[in-house]
Amino acid sequence: MTIRTARDAVATAALYLRWLGFRDVRQPDGPPIPSATVDLRAPGVVAQVDPSTAPAGLRAVECVWLNGLTVSATSVYFSLAGYTSDARARADDLGIPLFVMDLTGMPQPVNDPADALVGTGP
């Protein structure tokens, strides 16, 4: 799915999570809110989709981790612009899978937890 809008980014991440094996992935109603902590949920996973042009930072990664911790689910982060070095280091420490999406809509794993999730699924 080609990404043209923030909504396309959320839909692409939802499709990818389904491809990974998560069922009943839910998208929020209406347009994504940039400050929203979690844009997608399914049994066993919470995901943040960041369609902005700025790299995702440390706070964003920690927020999705806390949301996953609250519901005993895997936390996953999707970004169009990548991640700051602090965010990547913290995600590695916490075991949060990070993905980067290009405008063609293909998420790519950017850390070991993401590679593991792709390899084993939920």
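Scroll up to find the structure this text is about.
Residues numbered from 1 in each chain as written. Predicted model: local features only at pLDDT ≥ 70, side-chain atom pairs only at ≥ 80, totals over all residues. Heavy atoms only, no water.

**A short note on a negative patch on the surface**
Among the surface-exposed residues, Asp92, Asp93, Asp112 and Asp115 lie close enough to one another that they form a single negatively charged patch. When residues of the negative patch are traced back to their parent elements, those giving at least two are helix H3 (85–94) and helix H4 (112–120). Summarising the element assignment, Asp115 is placed in helix H4. (Patch = residues over 30% accessible without salt bridge, like charges linked within 9 Å, V, L, I, M, F, W, Y side chains within 5 Å. Areas by Shrake-Rupley, 256 points an atom, 1.4 Å probe, with all protein chains shown as cover. Salt bridge = Lys/Arg side-chain N within 4 Å of Asp/Glu carboxyl O. Lys, Arg positive; Asp, Glu negative; His and termini not counted. Charge placed at Lys NZ, Arg CZ, Asp CG, Glu CD. Helix = DSSP H or I, 4+ residues; strand = E, 2+ residues; numbered from the N terminus.)

**With respect to the pattern of salt bridges**
Pairs can form between side chains of opposite charge once their charged atoms are near each other. Throughout the structure, instances matching the rule amount to one salt bridge. For Glu62, the salt bridge identified is with Arg90, shortest N-O distance 2.9 Å. Note that Glu62 is positioned in helix H2 (residues 58–70) and Arg90 in helix H3, a separation of 28 residues in sequence. Given a relative accessible area of 29%, Arg90 falls into the partly exposed group. (Buried < 20%, exposed > 50% of the residue type's maximum accessible area, 1.4 Å probe, protein only.)

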